Amino acid sequence: MPKPHLPPLDLMEPFEAAARLGSFTRAADELSVTQSAISQRVRKLEALLDTQLFERGHRTITLTPEGRELLIGVRAALQHMAAATRALKQRDDRPRVRLGADTSMAQLWLTPRLASALANSPPLMLDLLASDTESELLTADIALLHGAGDWPGFTATRLFADAVFPVCTPGFLSHTPLRTPDDLLSAPLIDLDYVHWNWMNWGIWLTEAGLDPTRATTLMRTNSYMAQLDAARAGLGVALGWEGQLAEDLTTGRLVRPIDHAVTTPFGYYLILRDTAEPAALELAQNLLRAGT
């Protein structure tokens, strides 16, 4: 990449001050130099750019159109430099902890517990990563992941096992009665076409329940668990819900379980902590585990 061709800072700062204050004299006072030094540096900048930046009158200066255009960029650049300098002087010494979770866990499990966990942790700077890509989440110090509990380089603690069951709104259930798993075959199903092999969709769930999934009616399919739940919350049909994530929906009655049957798997959700994590990450992980009980 070619080196950008930029005017020297010692020319831009006098130009900005003179343009802002409308006077070479006042700019000189602000920068603690002589009026002639300001005038010389502005003329040098004009020569470098081969552009007149000020109309000079008797004891007055007025920006030319070209000067006004340059002022916009110079002012923004100086403001960014000042902000960067302040940030360096006010260096944040708090430990940084990177916490990752897939999108459903971030919204449904982590967010309601995060305030309590942080309140009981020492001061820290939290980097929260929400992603459905496991390799990305494994860059974190702490992560909330679905799987079998085996991630090399991490210590895993299971938060809850898989217990997956149908959910819908009370309004949907009022006009589409569902009493047994067989009734699901005639209901509009909202399916999950997820990339992770150990997640469950309607085909797997119905098979595990002893039913023929080819007889089911799929209304829509999505690769997002949150989109599936949102569609169910909108009354479009029946979705699959993971028990450990739906406490608020079920408690408030936004979603209901139309039948009692649930399918369990060998998998579950885990909080994993990097083996080399710093003490701040270890304490936050412990507080999240306490908040989750």
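Residues numbered from 1 in each chain as written. Predicted model: local features only at pLDDT ≥ 70, side-chain atom pairs only at ≥ 80, totals over all residues. Heavy atoms only, no water.

Visitor: Tell me about the overall build of the chain, residues and numbers included.
Guide: Check the secondary structure of the chain and you find 11 helices and 10 strands. For the chain, the C-alpha radius of gyration of 31 Å lies well beyond 19 Å, the compact-globule estimate for 293 residues. For the chain, the C-alpha atoms occupy an extent of roughly 95 × 45 × 40 Å along the three principal directions. When the 293 residues of the chain are sorted by exposure, 40% land in the buried category. Considering only contacts in the chain between residues 6 or more positions apart, those separated by 24 or more positions represent 73%. A total of about 16,000 Å² of accessible surface is found on the chain, and carbon and sulfur atoms cover 52% of it. (Helix = DSSP H or I, 4+ residues; strand = E, 2+ residues; numbered from the N terminus. Rg over C-alpha atoms; globule rule 2.2 N^0.38 Å. Buried < 20%, exposed > 50% of the residue type's maximum accessible area, 1.4 Å probe, protein only. Contact = heavy atoms within 4.5 Å. Areas by Shrake-Rupley, 256 points an atom, 1.4 Å probe, with all protein chains shown as cover.)

Visitor: So what about the environment of Phe 172? Which residues, and what values?
Guide: For Phe 172, the location among the structural elements is in helix H7 (residues 170-175). Its relative accessible area of 3% is what places Phe 172 among the buried residues. Considering only alpha carbons, one finds Phe 172 and Ile 259, 87 residues apart in sequence, at a separation of 13 Å. Excluding residues within four positions of it along the chain, Phe 172 makes contact with Leu 178, Pro 188, Gly 235, Leu 236, Gly 237 and Val 238.

Visitor: Explain the pattern of salt bridges to me, and be specific about the residues and the numbers.
Guide: Counted by the stated rule, this structure contains 9 salt bridges. As a salt-bridge pair, Glu 30 and Arg 20 come within 2.7 Å of each other at their nearest N and O atoms. You can see Glu 30 sitting in helix H2 (residues 24-31) and its partner Arg 20 sitting in helix H1 (residues 9-21), a full 10 residues away along the chain. Two residues, Asp 249 and Arg 254, come together in a salt bridge whose shortest N-O distance is 2.7 Å. Look at Asp 249 and you get buried, because its relative accessible area is 2%. We classify Arg 254 as partly exposed; its relative accessible area is 39%. In this structure, a network of salt bridges that share partners links the residues Glu 16, Arg 20, Glu 30 and Arg 75. (Salt bridge = Lys/Arg side-chain N within 4 Å of Asp/Glu carboxyl O.)

Visitor: If you had to explain the side chain of Thr 64 to someone new, which residues and values would you point to?
Guide: With respect to the helices, strands and loops of the structure, Thr 64 is situated in the loop between strand E2 (60-63) and helix H4 (65-89). Of the polar contacts made by the side chain of Thr 64, one reaches the backbone oxygen of Gln 52; its length is 2.8 Å. Contact partners of Thr 64, with chain neighbours within four places excluded, come to Gln 52, Leu 53, Phe 54 and Glu 55. (Polar contact = N/O pair within 3.5 Å; in protein donor to acceptor, adjacent residues only side chain to side chain.)

Visitor: Give me the lowdown on the packing of aromatic side chains, citing residues and values where you can.
Guide: On inspection of all chains with the given rule, the structure shows 6 aromatic pairs. Residues Trp 202 and Trp 205 carry aromatic rings whose centres are separated by 5.6 Å and whose planes lie at 75 degrees to one another, so their mutual orientation is edge-to-face. Highlighted residues: Trp 202 and Trp 205, both in helix H8 (residues 202-208), separated by 3 residues, approximately one helical turn. Trp 202 sits in the buried class, given a relative accessible area of 2%. We classify Trp 205 as buried; its relative accessible area is 0%. Between Tyr 225 and Trp 242 the ring centres are 5.2 Å apart and the planes differ by 85 degrees, which places this aromatic pair in the edge-to-face class. Taken as a pair, Tyr 225 in helix H9 (residues 225-233) and Trp 242 in strand E9 (residues 239-242) lie far apart in primary sequence, 17 residues in all. On the basis of relative accessible area, Tyr 225 is assigned to the buried category, the value being 3%. An aromatic cluster of three or more residues is present, and its members are Phe 15, Phe 24 and Phe 54. Positioned above the aromatic ring of Phe 165, the side-chain terminus of Arg 257 is 3.8 Å from the ring centre. (Phe/Tyr/Trp six-rings, centres within 6.5 Å; stacked < 30°, edge-to-face > 60°. Lys NZ or Arg CZ within 6 Å of the ring centre and 35° of its normal.)

Visitor: How would you summarise H2 if you had to cite specific residues and measurements?
Guide: Within H2, burial applies to Phe 24, Ala 27 and Ala 28. The arc that holds the buried residues of H2, viewed along the axis, is 100 degrees, so those residues lie on one side. The secondary structure elements touched by the buried residues of H2 are H1, helix H3 (35-49), strand E1 (54-57) and E2. One side-chain oxygen at the N-terminal end of H2 lies 3.1 Å from the backbone nitrogen of Thr 25; it belongs to Ser 23. Directly after H2, the chain includes Ser 32, whose backbone phi takes a positive value near 60 degrees. (Arc of directions from axis to C-beta.)

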